[in-house]
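# What the coordinates show
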Amino acid sequence: MSTMAYRYTKEIPWHGMKDDDKVSLIATIEGLRAGAAISHMSADGTDIGMDILAICADHDLAVSARPVMTSNDIIVARSPRAIRGLHEGSIALDEFLGYPRCCSDAYLKQIRYTKDTPPTLRNAALYWSNARDALEDGRYPLALLYALHVPCAIDCAPSKMTAVRIKDVVERVDPVLAHEYSRNRLRCILSQGGA
Ligand SMILES: [Zn+2]
């Protein structure tokens, strides 16, 4: 039996985790990114921190309760070394989360040149408005729904490559999640801007 088959002999008990977090966790278990920041609050506001720790133990993931982004985060990773590197600063957060260099650079450039709007909002708003246009024109690569970051562009090759791999594994591990997740992401893109 392969290691991968072993990891998924049982369904993962999600305990109400948010869909984005489920996809991030599967991508981490599969080694498609070094780690993830998972909210310990469920989609309906229940604290599921202990349940997430149990899922991580079942899947040999290292865990840190020391938050990096928000106080709701549990940091999980394939190796304790990655978590130590993140806390010590030898691994940058974008690298830890598997963001392609071009996308991080595009974001950092916006921080430098944007004064009027918070950079995250501006960066994301531009991307989502482009994504909505592309979706309406039939130009949007659907695998990109699985990019767990804001890509620098609709045709960002590294984002597409990673997203395809994440999509494939989520569809295999949890087809119900794949269906719900992609449907909600599509709805979310189409509601951007409301124009
Ligand atoms: Zn990019």
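Structure first, text after, so check above.
Only a predicted model underlies this, so the values are computations on that prediction, with no experimental measurement involved. (Residues numbered from 1 in each chain as written. Predicted model: local features only at pLDDT ≥ 70, side-chain atom pairs only at ≥ 80, totals over all residues.)

Turning our eyes to something else, we now look at unusual backbone geometry. Phi at H15 is positive, roughly 55°, even though this residue is not glycine. Its location among the elements puts H15 in the loop between α1 (3-7) and α2 (19-29). Unusually for a residue other than glycine, D60 sits at a positive phi of about 55°. Position of D60 relative to the elements: it lies in the loop between α3 (49-58) and β2 (62-64). Its 11 C-beta neighbours within 10 Å are what place D60 among the exposed residues. (Helix = DSSP H or I, 4+ residues; strand = E, 2+ residues; numbered from the N terminus. Buried ≥ 20, exposed ≤ 12 C-beta atoms within 10 Å, placed from the backbone.)

Here we take up the pairing of strand β3 (residues 73-77). Most of β3 sits inside the fold, with four of its five residues counted as buried. Here three bridges tie β2 to β3, and the two strands are oriented antiparallel to one another. In the strand pairing of β3, A62 is matched with A77. (Pairing = 2+ DSSP bridges.)

Attention now goes to the packing of α2 against helix α8 (residues 157-173). Interhelical geometry of α2 versus α8 gives an angle of 100° and a closest axis separation of 10 Å. Our classification of the angle between α2 and α8 gives roughly perpendicular. Note on element contacts: α8 touches α2 through I166, V169, V170 and V173, opposite V23, I26 and A27. Along the lines of polarity and charge, the residues of the contact of α2 with α8 split into seven nonpolar, no polar and no charged. (Axes fitted to C-alpha atoms, helices over the stretch in contact; angles between N-to-C directions. Parallel < 35°, antiparallel > 145°, perpendicular 65-115°, else oblique. Contact = placed C-beta atoms within 7 Å. Nonpolar A, V, L, I, M, F, W, Y, C, P; charged D, E, K, R; others polar.)

Below, the discussion takes up the sheet that holds β3. Within the open sheet, the three strands sit side by side as β1-β3-β2. Their pairing is antiparallel. The open sheet has two edge strands, β1 (35-39) and β2, and neither has a second partner. Taken pair by pair, the neighbouring strands of this sheet meet at an average axis angle of 25°, ignoring direction. Against the sheet, α2 engages β1 and β3, with an angle of about 155° to β1.

So, about the packing of α2 against helix α9 (residues 175-190). Any two packed helices are characterised by the angle at which their axes cross and by the distance between the axes. Running from amino to carboxyl end, α2 crosses α9 at an angle of 125°, the nearest separation of the two axes being 10 Å. Taken together, the axes of α2 and α9 lie oblique to each other. With respect to the hand of their crossing, α2 and α9 are arranged in left-handed fashion. Contacts between α2 and α9 involve D19, K22 and V23 from the former and L177, E180, Y181 and N184 from the latter. Its residues assigned to classes, the contact of α2 with α9 shows three nonpolar, one polar and three charged. (Left-handed = near helix turned anticlockwise from the far one by under 90°.)

By size, the foremost hydrophobic cluster in this structure holds 38 residues, and its most contacted members are V23, V76 and V170. Of all the secondary-structure elements, those providing two or more residues to this core are α2, β1, α3, β3, α4 (80-88), α8 and α9. Ranked by residue count, the leading element in this core is α2, at five residues. Both of domain 1 (1-98) and domain 2 (99-195) provide at least three residues apiece to this core. Each residue touching V170, except ones within four places of it in the same chain, is listed here: V23, I26, Y146, L177, A178 and Y181. (Core = buried A, V, L, I, M, F, W, Y, C linked by C-beta atoms within 7 Å. Domains from an automatic or database assignment.)

By themselves, these are just geometric observations and shouldn't be taken as functional.
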